[in-house]
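Commentary on secondary and tertiary structure
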Amino acid sequence: VTEKIKASQKAQTENSKTSTELQISYYQSLFNNIAVYAEIAAQAITSVTDTLNMGLQAAIDSLNEQLDVINENYDKAKEKREQYAQDVEDVESRLQNVTGATADALRDQLQNTMHARDEAAREEQRLQKEKEKKEAEIAKKEKAMKRNDLIGKIAMGIANTAQGIT
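Residues numbered from 1 in each chain as written. Predicted model: local features only at pLDDT ≥ 70, side-chain atom pairs only at ≥ 80, totals over all residues. Heavy atoms only, no water.

In terms of regular secondary structure, the protein is built from 2 helices and 0 strands. Taking 166 residues into account, the globule formula puts the C-alpha radius of gyration at 15 Å, and the protein, at 38 Å, lies well above it. Along the longest, intermediate and shortest principal axes, the C-alpha atoms of the protein span 140 × 25 × 15 Å. When contacts within the protein are restricted to residue pairs at least 6 apart in sequence, those whose partners lie at least 24 apart make up 87%. Counting every atom, the protein has about 12200 Å² of accessible surface; 53% of that belongs to carbon and sulfur. Here the protein carries 23 positive and 28 negative side-chain charges, and the mean point of each set is 10 Å from the other. (Helix = DSSP H or I, 4+ residues; strand = E, 2+ residues; numbered from the N terminus. Rg over C-alpha atoms; globule rule 2.2 N^0.38 Å. Contact = heavy atoms within 4.5 Å. Areas by Shrake-Rupley, 256 points an atom, 1.4 Å probe, with all protein chains shown as cover. Lys, Arg positive; Asp, Glu negative; His and termini not counted. Charge placed at Lys NZ, Arg CZ, Asp CG, Glu CD.)

If you want it as structure tokens, here you go:
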């Protein structure tokens, strides 16, 4: 009876050992498969985010070119408005020292110059708003690029962690 118990215990120990080895082998195989799939998924995600970022960068480059043109036009409009403002002051100061037909002509010139100054100011404001809009679009696209980079880094981190488990 003692021999049967010892044999049974020995068989149980061997079965446990074999079962443990099989489980370890199974989990190693499982984790290897997970690591492979995680790497494939990370590469796919990184590829997609890189492609998206290339498109976003092209859009940002285009917006920057548009912004450069707007900035040039804004600077010109600002200079024009400042010049008209100076012209208004000049005509007003000249108007104080004249009378008669000259005064009437200067009043007409003043009115025209003030109108031109106001037009230039409106154009400057319009360009300022357009400039702010383009800058906001650029910032939005840059934020999207950063988000895409983060998603790619997270995916690679998960894949690296999965590989580290194996």
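There is more to say after this.
Turning our eyes to something else, we now look at the pattern of salt bridges. Evaluation of the coordinates by the stated rule reveals 7 salt bridges. For Asp118, the salt bridge is made with Arg117, and the minimal N-O distance between the two is 3.5 Å. Connected via shared salt-bridge partners are Arg81, Glu82 and Glu124. (Salt bridge = Lys/Arg side-chain N within 4 Å of Asp/Glu carboxyl O.)

Now for a nonpolar patch on the surface. A cluster of nonpolar side chains, namely Tyr26, Tyr27, Leu30, Phe31 and Ile34, defines an oily patch on the protein surface of about 460 Å² accessible area. If you trace the backbone, Phe31 turns up in helix α1 (residues 2-95). (Patch = residues over 30% accessible without salt bridge, like charges linked within 9 Å, V, L, I, M, F, W, Y side chains within 5 Å.)

Moving on, we come to the packing of aromatic side chains. Overall, the coordinates contain 2 aromatic pairs when judged by the stated rule. Considering the side-chain rings of Tyr26 and Tyr27, the 5.3 Å spacing of their centres and the 65° angle between planes classify their relative orientation as edge-to-face. Taking the relative accessible area as the measure of exposure, Tyr27 reaches 43% and is therefore partly exposed. Aromatic ring contacts, followed pair by pair, group Tyr26, Tyr27 and Phe31 into a single cluster. (Phe/Tyr/Trp six-rings, centres within 6.5 Å; stacked < 30°, edge-to-face > 60°. Buried < 20%, exposed > 50% of the residue type's maximum accessible area, 1.4 Å probe, protein only.)

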